[in-house]
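If you want the building blocks of each chain, they are given just below.
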Amino acid sequence: MKERYDFDEIEIKRQKYWSDKGLHKAEADTSKKKFYCLEMFPYPSGKIHMGHVRNYAIGDVIARYKKMRGFNVLHPMGWDAFGLPAENAAIKHGVHPAKWTYENIGYMKKQLDRMGLSYDWDRETATCSPGYYKWNQWFFLKLYEKGLAYKKASFVNWCPSCVTVLANEQVIDGACWRCDSAVVQKELEQWFFKITDYVEELLQGCDELTGWPERVVAMQRNWIGRSEGVEVDFPLETGDEKLRIYTTRPDTIFGVTYMCLAPGHPLTERLVQDKTALDAIKAKSGKEETKEGIFTGHYAINPLTGEKIPVYVANFVLMGYGTGAIMSVPAHDQRDFEFAKKYGLPIKTVIIPEGGQEEEMPNEAFEGEGTLINSGKFNGFKSADAKGAIAVFIEEKESGKRTVNYKIRDWGISRQRYWGTPIPIIYCDKCGIVPVPENDLPVILPEDVSFTGKGGSPLLESERFLNVKCPACGGNAKRETDTMDTFVDSSWYFIAYCLKDDIDLKSQISNLKSPINYWMPVDQYIGGIEHAVLHLLYSRFFTRCMRDLGVISSGEPFRNLLTQGMVCKETWKCPDHDWLFPEEVKDGRCVNCGKQVEKGRIEKMSKSKKNVIDPDALIKKYGADTMRLFSLFAAPPERDLEWSDKGVEGAYRFLNKVWGIVYKNNNALCVKRDESKENITGASRITDYASRLLRKTHQTIRKVTDDIEKDYHFNTAIAALMELVNEMSSFTPENEEDRSALGFAVKNTLMMLAPFAPHFAEELWEATGGNPSIFEQPWPEWDETLAKDEEIELVVQINGKLKAKMLAPAGLTDEDARQRALQDERVKEMLDGREIKKVVVVKGKLVNIVLG
RNA sequence: GCCGGAGUGGCGGAAUUGGUAGACGCAAGGGACUUAAAAUCCCUCGGAGCCUGCUCUGUACGAGUUCGAGUCUCGUCUCCGGCACCA
């Protein structure tokens, strides 16, 4: 072996070795226990970034570790290849989205391979390939058959800059999630997936997501937003029209002093005379913090009290939730309270808190539960009881019914964009909406379109695509020109990976022994927290739909989820030149202007903040193993990672140290024996020397295995390996026993290092005579008796404070420990003859002497 | 406002069911090797005191439970993330 650690040569050699061996290929085999390890696939934006590196390094450690544990491991990778950036690149640079995308895929794939990731590339999929998106279309047709895909006109979130519709989830604080432009409302015909049909199941399924981070499950529950309440009809004073409201607080219904309609409510136009005032309210709808409203001039009747109640239109009432109308109880709802104060409306208290009294002039609404007053026959009821009783009463009076409401809406999937899956629908003047026959799939995305960026669907311009014969009547018809939301693509790619060459979902229906049913669910899914709601919820929905189609036998796709933290780095800012690259800062000054720079916060790596590290450069300087090792060592996976150039050097030093030990061991050990100048006397001394290293090795195997198994805490596992290596580096073997102990330590260190620094471990494995691949070795096992310490440090406390430490044989009895502590000269001195009240002994660890 | 999560050295981070606070790494200081530097190796490294050994103190803050609290309970403060006029 070479004296120097030449990472570049080794890594390329080992990547070829694994590839030639087909080490990462997976085959479904029901006789083997499987492990499906999956990292969220990337959008092929051009180059991988450190976030990818971390994500994939974590996944690769798990995949390689599980393989060594004897699992049949599936570890695939592919490309989330449809999406806006490709189209934007086409508009900007005139490159066709397909060309742009496939070129990026080619480059990024090389980068991933250079990292030494153990993917089975036979299963690679790009969602933009017809072989993949055909099944998006097939799935769409199946949902359409079941009434789960439907078209409706609705107000949608429209981004004027991206010229497209956005899902509710893609709107953040009224702005586009991608470009930050203000989102406007526009009425369009859209295709929807009926996720609301599965909402109860998706919610209940949350209880079973025990392998998911709690906060992600909480976010999903929160997004679904289930609430139980009552819909109540308030008849209008004039005519037979009724106002239907939704409330979760029927216990406060006697406190209603006015009502509010959403500006978009169907009745507003009829009730409000002053259209300019109405328009003003509409303009302020759903945006502003301040509450504004107008009186309609109409009154409704509270069905329980018969009271006459003024009806308002208010900007803060949402049309999309409940019935778009509310009953207002200012005494017990802060929003209603503020509105009432502003417009001088009465406030009627109907709930008093436990042990409280009715306040004359409340300063704020009391939103808690309590006891009912001013509520007719329900006076004296507790809120919880009153909710039920009043709901029943309303139902008996046929004034309303108990209902469950959800915040989640159906999933709008239409996008007025080119680079996505064509929706397989044909519009015929005679037959109306006609689905493309299954046999005609895929509907291929045409290439002959131009990218002007002027908006509208580019597909409208492709005559060959647009004009089609109606499958039903044969007459002239037109295709749907919208494409699907790319979240459709990513909602089932993990199922596609299970099928190797041909993603034929249909052929797998009702096949209990299909590869899908062998590999699914994903045992470990790893990705960023940013997908906590969207992607993960849609995938759970899709998998359930697939289950109901018979494609898969169970509906929960991801057993365990690990959300890795962000990769962060410090930032630099110049008062004139904004964010600076680290190399633009010299001695605390900006190299452009010489001004004092400000050390900014530690932020997520981003090009705009100029605090990115380029993985290519890192690999060139230190190699992939060092990069992987550092990103795994610096923090536990779920936490944010602060990038440190010095820390990377530390990881590199560590590998060099191991290399040095193995090199020395391999070549110089045999000679060393005669050159020995040290005086080591007595065989027992030598035995002890070797057995200490042996013990440490067994302890390390236990620690590393536990750390990986428990929570994938690779940072502490690597720390334990470093400890062992430190011990090895100061170990000079003097005899056969020593040499075999060191050999054992080296061999096990390499095996444990293998998932983290695979090329490095594989190279040294071979250099030390290991054969075949280290990844075909079983994970090391420890011997509990050999791992046991012979001596322990017995801690003596007096009144809980550490006073002395002494060596004692392991496994001593509590009584022995007690005697040793009490008879220690120094302890005796400190006790100074004072009365001992009690002695607490913690087995094999500690004695606490409690004085009176 | 509601729901999560977190506050430990100069820094990243360790500490089974409550039982030696600060593993491992980085930075820093000192030393060895070298003509010199790099690399490497050795030592020190929470704070304060007498710098030998030791003593006191210390895990955001304040109480509490306990023989014993970074860990459990209650309260306070700060920071981060998500949701947010959802009736």
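Since the model is a prediction, treat every value here as computed from it, not as a measurement.

**Considering the overall build of chain A**
Link 1 in the chain: Tallying secondary structure elements over chain A gives 26 helices and 35 strands in all.
Link 2 in the chain: Structurally, chain A occupies a C-alpha span of about 110 × 85 × 70 Å along its principal axes.
Link 3 in the chain: The burial tally for chain A puts 53% of its 852 residues in the buried class.
Link 4 in the chain: Counting contacts in chain A only where the partners sit at least 6 residues apart, residues at least 24 apart contribute 71% of the total.
Link 5 in the chain: A total of about 39,000 Å² of accessible surface is found on chain A, and carbon and sulfur atoms cover 49% of it.
Link 6 in the chain: Of the side-chain charges in chain A, 114 are positive and 125 negative, and the distance between the mean point of each set is 2 Å.

**Concerning the side chain of Asn405**
Link 1 in the chain: For Asn405, the location among the structural elements is in strand 16 (residues 400-405).
Link 2 in the chain: Since its relative accessible area comes to 12%, Asn405 is described here as buried.
Link 3 in the chain: The residues touching Asn405, leaving out its near neighbours within four places in the chain, are Gly225, Arg226, Ser227, Tyr246, Tyr321 and Gly322.

**Describing helix 16 (residues 534-549)**
Link 1 in the chain: Counted at 1.5 Å a residue, the expected span for helix 16 with its 16 residues is 22 Å, and the 22 Å between its end C-alpha atoms agrees.
Link 2 in the chain: With 14 of 16 residues buried, helix 16 lies mostly within the body of the structure.
Link 3 in the chain: Gly550 sits one or two positions beyond helix 16 and adopts a positive phi of about 90°.

**Thoughts on the domain arrangement of chain A**
Link 1 in the chain: For chain A, the assigned domains are domain 1 (137-194 + 410-486), domain 2 (227-405), domain 3 (567-642), domain 4 (645-787) and domain 5 (791-851).
Link 2 in the chain: Once you take the C-alpha centre of each, domain 2 and domain 4 turn out to be 72 Å apart.

**Considering the packing of helix 17 (residues 615-622) against helix 18 (residues 624-633)**
Link 1 in the chain: At a minimum axis distance of 7 Å, the contact between helix 17 and helix 18 shows a crossing angle of 115°. Judged by the inter-axis angle, helix 17 sits roughly perpendicular to helix 18. Across the interface between the two elements, Pro615, Leu618, Ile619 and Tyr622 from helix 17 touch Ala624, Thr626 and Met627 from helix 18.
Link 2 in the chain: Taken together, the residues that form the contact of helix 17 with helix 18 break down as six nonpolar, one polar and no charged.

**Some thoughts on the pattern of salt bridges**
Link 1 in the chain: Enumeration over the complete set of coordinates arrives at 60 salt bridges.
Link 2 in the chain: The residue Glu709 makes a salt bridge to Arg69 at a minimum N-O spacing of 3.6 Å. Here Arg69 lies in the loop between helix 2 (50-68) and strand 2 (72-74) and Glu709 lies in helix 20 (residues 683-711), a separation of 640 residues in the sequence.
Link 3 in the chain: According to the relative accessible area criterion, Glu709 is partly exposed, its value standing at 39%.
Link 4 in the chain: Among the ionic pairs, Glu438 bridges to Lys142, the shortest N-O distance being 3.2 Å. Taken together, the residues Glu438 in the loop between strand 20 (432-435) and helix 12 (463-466) and Lys142 in helix 5 (residues 130-145) connect sequence positions 296 residues apart.
Link 5 in the chain: By relative accessible area, which is 23% here, Glu438 ends up partly exposed.
Link 6 in the chain: Residue Lys142 is classed as buried on the basis of its relative accessible area, which comes to 14%.

**Structural notes on the sheet that holds strand 2**
Each strand in a sheet pairs with its neighbour through backbone hydrogen bonds, running either in the same direction (parallel) or in the opposite one (antiparallel).
Link 1 in the chain: Across the sheet, which stays open at both edges, the four strands sit in the order 2-1-24-25 with parallel pairing between neighbours. At either margin of the open sheet sits one strand with a lone partner, and together these are strand 2 and strand 25 (561-564). The sheet shows a mean angle of 20° between the axes of neighbouring strands, direction not considered.
Link 2 in the chain: Relative to strand 2, strand 1 (residues 34-39) runs parallel, the two sharing three bridges. Bridging from a neighbouring strand, Tyr36 pairs with Leu74 of strand 2.

**Quick word on the nonpolar core**
Link 1 in the chain: Core analysis: the largest hydrophobic core is formed by 182 residues, its most contacted members being Tyr36, Phe140, Phe193, Leu505, Trp643 and Phe756.
Link 2 in the chain: With 10 residues, helix 2 is the largest single contributor of residues to this core.
Link 3 in the chain: Setting aside residues no more than four positions away along its own chain, Phe756 makes contact with Val61, Asp625, Arg628, Leu629, Leu632, Ile708, Phe714, Ala717, Ile718 and Leu721.
Link 4 in the chain: Counting 45 residues, the second largest nonpolar core, distinct from the first, contains Cys260, Ile294, Val311 and Tyr312.

**A closer look at the packing of aromatic side chains**
Link 1 in the chain: All chains considered together, the criterion is met by 54 aromatic pairs.
Link 2 in the chain: Centroid distance Trp79 to Trp121: 6.4 Å. Interplanar angle 5°. Geometry classified as stacked. In this pair, Trp79 sits in the loop between strand 2 and helix 3 (84-93) while Trp121 sits in the loop between helix 4 (97-114) and helix 5, placing the two residues 42 residues apart along the sequence.
Link 3 in the chain: Plain terms: the ring middles of Tyr418 and Trp419 are 6.0 Å apart, the flat faces sit at 25° to each other, and that makes the pair stacked.
Link 4 in the chain: Take Tyr418: its relative accessible area is 1%, and that puts it in the buried class.
Link 5 in the chain: Classification of Trp419 by relative accessible area gives buried; the value is 6%.
Link 6 in the chain: By way of ring pairs, the aromatic residues Phe139, Phe140, Tyr144, Trp191, Phe193, Tyr198, Trp411, Phe487, Tyr538, Phe541 and Phe542 are connected into one cluster.
Link 7 in the chain: Sitting over the face of the ring of Trp158, Lys186 holds its NZ or CZ atom 3.8 Å from the ring centroid.

**Examining the sheet that holds strand 35 (residues 846-851)**
Link 1 in the chain: Reading across the sheet, the four strands line up as 33-32-35-34 and stay open at both edges, with mixed pairing between neighbours. Edge positions in the sheet fall to strand 33 (801-809) and strand 34 (836-842), since each has one partner strand and no second. Recorded for the sheet is a direction-independent mean angle of 20° between the axes of neighbouring strands.
Link 2 in the chain: In this structure, strand 32 (residues 791-798) lies alongside strand 35, joined through four bridges in parallel fashion. Bridging from a neighbouring strand, Gln797 pairs with Asn848 of strand 35.

**Considerations on helix 1 (residues 7-21)**
Link 1 in the chain: Taking 1.5 Å per residue, 15 residues should reach 21 Å; helix 1 reaches 21 Å between its end C-alpha atoms and fits that length.
Link 2 in the chain: Of all the residues in helix 1, the buried ones are Phe7, Ile10, Glu11, Arg14, Gln15 and Trp18. Looking straight down helix 1, one finds that the buried residues subtend no more than 125° of arc, so they occupy a single side. Away from its buried face by more than 90 degrees, helix 1 exposes Lys16, Ser19 and Asp20.
Link 3 in the chain: Immediately beyond the C-terminal end of helix 1, within one or two residues, lies Gly22, with a positive phi of roughly 65°.

**Observations concerning the environment of Tyr246**
Link 1 in the chain: Turning to its location among the elements, Tyr246 is positioned in strand 9 (residues 242-247).
Link 2 in the chain: Counting along the chain gives 78 residues from Tyr246 to Gly324, while the straight-line C-alpha distance between them is 8.1 Å.
Link 3 in the chain: Each residue touching Tyr246, except ones within four places of it in the same chain, is listed here: Ser227, Glu228, Gly229, Val230, Glu231, Tyr321, Gly322, Thr323, Ala325, Thr403 and Asn405.

**Considerations on the packing of helix 22 (residues 736-753) against helix 23 (residues 758-767)**
Link 1 in the chain: At a minimum axis distance of 8 Å, the contact between helix 22 and helix 23 shows a crossing angle of 150°. Taken together, the axis directions place helix 22 and helix 23 in an arrangement best described as roughly antiparallel. Along this stretch, helix 22 crosses helix 23, giving a crossing that reads as left-handed. Residues Lys747, Leu750, Met751 and Leu753 of helix 22 touch helix 23, and the partners they reach there are Phe760, Ala761, Leu764 and Trp765.

**Looking at the side chain of Asn55**
Link 1 in the chain: Within the element layout of this structure, Asn55 appears in helix 2.
Link 2 in the chain: Judged by relative accessible area, which is 6%, Asn55 ranks as buried.
Link 3 in the chain: Setting aside anything within four residues of it in sequence, one finds Asn55 in contact with Glu39, Met40, Ile526, Gly527 and Gln564.

**Re the confidence of the model for chain A**
Link 1 in the chain: In this model, chain A carries a mean pLDDT of 89, and residues with pLDDT of at least 70 account for 96%.
Link 2 in the chain: Residue range residues 668-686 is modelled with pLDDT below 50. Its contacts to residues more than four positions away, or to other chains, number 13 contacts.

**Things to note about the pairing of strand 10 (residues 258-261)**
Link 1 in the chain: Of the two faces of strand 10, the one holding Tyr258 and Cys260 and the one holding Met259 and Leu261 are both buried throughout.
Link 2 in the chain: Examined bridge by bridge, strand 10 and strand 13 (residues 325-328) share four bridges and lie antiparallel to one another. Across the sheet, Tyr258 pairs through a bridge with Ser328, a residue of strand 13.

Analysis parameters
Residues numbered from 1 in each chain as written. Chains lettered and ligands numbered in written order. Predicted model: local features only at pLDDT ≥ 70, side-chain atom pairs only at ≥ 80, totals over all residues. Heavy atoms only, no water. Helix = DSSP H or I, 4+ residues; strand = E, 2+ residues; numbered from the N terminus. Buried < 20%, exposed > 50% of the residue type's maximum accessible area, 1.4 Å probe, protein only. Contact = heavy atoms within 4.5 Å. Areas by Shrake-Rupley, 256 points an atom, 1.4 Å probe, with all protein chains shown as cover. Lys, Arg positive; Asp, Glu negative; His and termini not counted. Charge placed at Lys NZ, Arg CZ, Asp CG, Glu CD. Expected span 1.5 Å × (residues − 1). Domains from an automatic or database assignment. Axes fitted to C-alpha atoms, helices over the stretch in contact; angles between N-to-C directions. Parallel < 35°, antiparallel > 145°, perpendicular 65-115°, else oblique. Nonpolar A, V, L, I, M, F, W, Y, C, P; charged D, E, K, R; others polar. Salt bridge = Lys/Arg side-chain N within 4 Å of Asp/Glu carboxyl O. Pairing = 2+ DSSP bridges. Core = buried A, V, L, I, M, F, W, Y, C linked by side-chain atoms within 4.5 Å. Phe/Tyr/Trp six-rings, centres within 6.5 Å; stacked < 30°, edge-to-face > 60°. Lys NZ or Arg CZ within 6 Å of the ring centre and 35° of its normal. Arc of directions from axis to C-beta. Left-handed = near helix turned anticlockwise from the far one by under 90°. pLDDT = per-residue confidence, 0-100.

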